[in-house]
Amino acid sequence: MLGLMQDQPLLISTLIEFSQRHHGESEVVSRRVEGDIHRSNYKQISARSKQVANALDVMGLQFSDRVATLAWNGYRHLELYFGVSGSGRVLHTLNPRLHPDQIVWIANHAEDQVLCFDMSFLPIVQAVHSRCTTIKHFVALCDASRLPADSGIPGLQSYEAWIGAQPQTYSWPSFDENSASSMCYTSGTTGNPKAALYSHRSTLLHALAGALPDSLNMSARDSVLPVVPMFHVNAWGLPYSAAMTGCKLVFPGPAMDGKSIYELIESESVSFAAGVPTVWQMLLSHMQTGGLHFSSLKRTVIGGSACPPAMITAFNDLYGVEVLHAWGMTEMSPLGTVCTLKNKHMDLDADEMMKVRLKQGRGLYGVDMKIIDDNGAELPWDGKAYGDLLVKGPWVIKEYFKGEGASPLVDGWFPTGDVATIDADGYMQITDRSKDVIKSGGEWISSIDVENIAMAHPGVAMAACIGMKHPKWDERPVVVVVKRPDSELTREGLLSFYEGKTAKWQIPDDVIFVDAIPLGGTGKMQKAKLREILSDYRLPVA
Ligand code: ADP
């Protein structure tokens, strides 16, 4: 017997419809690329997202066609979030920090039809447009007066002119909630980037779970600042949870430095902010230097990399701000765990409470976790046994985009590439990473890519890339090199060899020459051993 409840698909259009109807006056404030502060609200975002939908119809875009963005966090990006997905197209947020060659590869793989970009990224678009073979329309996120006369990009139009010609009414279509809504490529693992393809259903369930009190605890009384970019897993789902709760949204645009973020928090009475540790590091040092205080900020969620204890202490003890440590992945939409306390922790002394807060947190409803040993056997939740962390749930991928049936799952579970413990209360703590990647300032660097470039140098016999702890960027890559006999290769010679072959920030910080790199039985480089050998090594100070 089926239930007798209304059968309404969970669609992204329902979020913007809800927020404009119930929280229409709730503000959306953006620091713009133009340099000023722009004020909008859910009513206007809704009307303009309908103009986007109409404009895409006029362009002849079909259901599921991809619309790419190269954009900072701002109101126009938010309008695209709702207008593109709401009308049944797929929003593809490109990461502007990648090397132009990677952007070309990703845009072609996704078969993007339209590219909407902030003017700060005009040079990137000028460098890539002729190689993006599927993009038919280029839209600059500005008004007509700011459009350059001779951009060299065929048919370039301004966003304001593009949507301005369209009506502000649109009847959002109804369709299967499992249809694709947005996509995000991750270079987290080796090989070519892979895309997680989110659905309307997965996005809505994730937004619901993310807004809950023991997750990010978002409400209509909050003023929320997503510093985490909208090109990073949909800014951790915050735009959707925001529309669901009707909270005020504050967008930082391109200005992520401590001073700009502090000013925005104060001027917009931000109560809750989200970002990676590197961003908070810059904010804290600005505050400490200037002897500043927060007047409205109550909570920050910190994820993407492990949150250092000193950061939790500084936010809490100096500024009275609660830090929520969170963990997730592109493949998980991304929220997996958030570290909120249980009743039993409330009376703990400061040291014991810190031990709990440093953990990555407990699973949200909807995310199941397990840890396994090398033989695949499940390990106990005792806070000591550590093993490979696997997850499953309705907002975890089952296959990558164009995966052609090849599933990354192991017995229905997604292997995260993280190594963790889980304690008896369900708190997960990451102890290591089994995937061969380095995370610098919240962005991935593939060790294999770094090694391959070194190996292409005629003076290199073998190269291994490993991550080294860095106070600002969390990790930075160094490349350990065995020279070919008779090679005169120098550190500077190899570092300059990287230029132009990868994004600047992906170039290793240092080259360490060694006589041999430890190899395992199958000839594989033993990076754990290499890390041990280099345990006394310190990165050069920039
Ligand atoms: P995001 O940066 O949004 O978390 P990515 O897919 O780029 O998503 O990165 C996911 C990976 O980042 C995780 O598998 C893990 O290795 C690392 N990570 C994310 N959050 C944390 C955290 N709180 N502590 C340690 N590592 C983390």
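Being a predicted model, the structure only gives us computed values, none of them experimental.

Some remarks on the sheet that holds strand S9 (residues 194-199)
Logical step 1: The seven strands are arranged S7-S6-S5-S3-S4-S8-S9 in an open sheet whose pairing can be described as mixed. The sheet terminates laterally at strand S7 (157-158) and S9, the two strands that pair on one side only.
Logical step 2: Relative to strand S8 (residues 180-186), strand S4 (residues 90-93) runs parallel, the two being bridged by two bridges. In the sheet register, Leu91 faces S8, and the bridge partner there is Ser182.

With respect to the packing of aromatic side chains
For any pair of aromatic rings, the description consists of the separation of the ring centres together with the inter-plane angle of the planes.
Logical step 1: Summed over all chains, the structure comprises 10 aromatic pairs.
Logical step 2: Ring geometry for Tyr159 against Trp162: centres 6.1 Å apart, planes inclined by 55°, an arrangement best described as tilted. Remark: Trp162 and Tyr159 occur in helix H6 (residues 159-164); sequence separation between them is three residues, near one turn of the helix.
Logical step 3: Residue class for Trp162 comes out buried when judged on its relative accessible area of 6%.
Logical step 4: Taken together, Trp72, Phe121 and Phe231 form an aromatic cluster joined through their ring pairs.

So, the site of the ligand
Logical step 1: If you check the shell around the ligand, you find 17 residues, and the closest are Ala326, Thr330, Asp418, Lys435 and Lys439.
Logical step 2: Contact between the ligand and Gly304: a nitrogen atom at 3.1 Å from a main-chain N or O atom of the residue.
Logical step 3: Here an oxygen atom of the ligand sits 2.6 Å away from a polar atom, N or O, in the side chain of Asp418.
Logical step 4: Of all the secondary-structure elements, those providing two or more residues to the shell around the ligand are helix H8 (233-236) and strand S14 (322-328).
Logical step 5: The element best represented in the shell around the ligand is S14, accounting for four residues.
Logical step 6: For the shell around the ligand, a count of residues per class yields seven nonpolar, six polar and four charged.

So, how was this worked out
- Residues numbered from 1 in each chain as written.
- Predicted model: local features only at pLDDT ≥ 70, side-chain atom pairs only at ≥ 80, totals over all residues.
- Heavy atoms only, no water.
- Pairing = 2+ DSSP bridges.
- Helix = DSSP H or I, 4+ residues; strand = E, 2+ residues; numbered from the N terminus.
- Phe/Tyr/Trp six-rings, centres within 6.5 Å; stacked < 30°, edge-to-face > 60°.
- Buried < 20%, exposed > 50% of the residue type's maximum accessible area, 1.4 Å probe, protein only.
- Near = heavy atom within 4 Å.
- Polar contact = N/O pair within 3.5 Å; in protein donor to acceptor, adjacent residues only side chain to side chain.
- Nonpolar A, V, L, I, M, F, W, Y, C, P; charged D, E, K, R; others polar.

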